[in-house]
Amino acid sequence: MTFTRRSFGLAAASAAALTAMPLRTLAASAAPVDDPLRMVDPELREGARMILARPLPDPLDPAAIRAMRLKTPPPPPPLASPAIDLRRIPGAPGHPEVPIAVIGARPGEAPRPAVLHIHGGGFIVGRMTDTFPASQRVAEEMGCVVVEVDYRLSPETAFPGPLEDCHAALVWLHANAAALGVDPARIAVMGESAGGGLAAMVAIAARDRRSVPLCYQVLIYPMLDDRTGSTRRVPPFIGTIGWNEVGNRVGWASLLGQPAGGASVPPGSVPARIGSFAGLPPAFIGVGAIDLFVQEDVAYAQALIAAGVPTQLLVIPGAYHGFDFIAPASRAARTFTASWKAALAAAFQPASVRT
């Protein structure tokens, strides 16, 4: 079976990895440009016009965020198979239980690899149910188990709450590997946009806490640096479509509980600002060349490479935030999707095959 990342849902109105309706509510950047479509790949322009037609609420305050969540359409119906097992697992000490979904588990069979998938939404919107059909396809095509985590959203829950929810799901997955039919040495973490940022945070936490030995991290146009759009502005042709500086400041401030781009941030909250990148799992980082996150994502890849972390970086010309979801049949999206899938498949090879 083939699939695209389209259904991997990007479930929210404020991030690039959003569901259909929320992604189309995103605004043009506060930095004006003469023609926001000038640098867009021709195959991606129709989707870009659709995004630009529905700007973010102004102001993007907590009331507006709640309204965005209420306007999110119902999630797509799941596929007939593989089965989805909804559970509530213990949270981190001092934190509530975490809702998760286990997709494609086959207890009693040969151990399979697994993915902890984290949905996007700018830290402020999104839900795991939007990703079910795509995760079912991933489980079937990649021959793996997928665990989705319904982490708490901000600003109601600030850091470290969302990270702790995701890390608790990872620890649970690893601890229950045998019961799920999972190979504990082949567990990866993956996410898009804010989900990519949380995936990077989880990889950092797993390293620092020595909790779970991840085999790979797939970071799809990840949200990694709170300084983007606040203390670090981007060129006017970047970040005009799909996610912008205003939304980025709100998303990070909501998570951090303080203005984005401050002199200091809570340890482990902003992947781009950690002290050491050594010892992190191998990574795939993919982003569009006119995505708001392109500079921070390239810089993160460079930091990983400099620390000796095997890293694949893919930058797609003319592509904006969430382009692969909006135009999955485009050449750009097909190239992008095939690349991260190939990278993940290679990481899932048993150690004896990789060596």
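These numbers come from a predicted model, not from an experiment.

## As for the overall build of the protein chain
- Across its full length, the protein chain holds twelve helices and eight strands.
- When each of the 355 residues of the protein chain is scored for burial, the buried share is 58%.
- At a minimum sequence separation of 6, the contacts of the protein chain that also span at least 24 residues come to 77%.
- Of the roughly 13100 Å² that the protein chain leaves accessible, carbon and sulfur atoms contribute 57%.

## Considering the pairing of strand 6 (residues 216–220)
- Counting buried residues in strand 6 gives five out of five residues, a clear majority hidden from the surface.
- Of the two faces of strand 6, the one carrying Y216, V218 and I220 and the one carrying Q217 and L219 are both buried.
- As paired elements, strand 5 (residues 182–192) and strand 6 share five bridges and run parallel to each other. Residue M190 lies in a different strand from strand 6, and its bridge partner there is V218.
- Chirality of the crossover, the property in question, places the unit of strand 5, helix 7 (residues 194–209) and strand 6 among those that are right-handed.
- Read as a crossover between parallel neighbours, the route from strand 6 over helix 8 (residues 245–256) to strand 7 (residues 283–288) is right-handed.

## Examining the side chain of D226
- Mapping D226 onto the fold places it in the loop between strand 6 and helix 8.
- When its relative accessible area of 0% is taken as the criterion, D226 is described as buried.
- A distance of 2.9 Å separates a polar atom in the side chain of D226 from a polar atom in the side chain of R273.
- Not counting the four nearest positions on each side in its chain, D226 is found in contact with W252, L256, A260, G261, G262, V265, V270 and R273.

## Focus on the pattern of salt bridges
- Tallying each qualifying case throughout the model produces 15 salt bridges.
- The residue D165 makes a salt bridge to R152 at a minimum N-O spacing of 2.9 Å. In this pair, D165 is assigned in helix 5 (residues 161–175) and R152 in the loop between strand 4 (145–149) and helix 5, connecting sequence segments 13 residues apart.
- On the basis of relative accessible area, D165 is assigned to the buried category, the value being 2%.
- Across the pair R233 and E245 runs a salt bridge whose closest N-O atoms are separated by 2.5 Å. Of this pair, R233 sits in the loop between strand 6 and helix 8 while E245 is found in helix 8, placing the two residues twelve residues apart along the sequence.
- Look at R233 and you get exposed, because its relative accessible area is 53%.
- Within the structure, one salt-bridge network assembled from shared partners comprises D225, R227 and R232.

Calculation notes
- Residues numbered from 1 in each chain as written.
- Predicted model: local features only at pLDDT ≥ 70, side-chain atom pairs only at ≥ 80, totals over all residues.
- Heavy atoms only, no water.
- Helix = DSSP H or I, 4+ residues; strand = E, 2+ residues; numbered from the N terminus.
- Buried < 20%, exposed > 50% of the residue type's maximum accessible area, 1.4 Å probe, protein only.
- Contact = heavy atoms within 4.5 Å.
- Areas by Shrake-Rupley, 256 points an atom, 1.4 Å probe, with all protein chains shown as cover.
- Pairing = 2+ DSSP bridges.
- Right-handed = clockwise from strand over helix to strand, strands pointing away.
- Polar contact = N/O pair within 3.5 Å; in protein donor to acceptor, adjacent residues only side chain to side chain.
- Salt bridge = Lys/Arg side-chain N within 4 Å of Asp/Glu carboxyl O.

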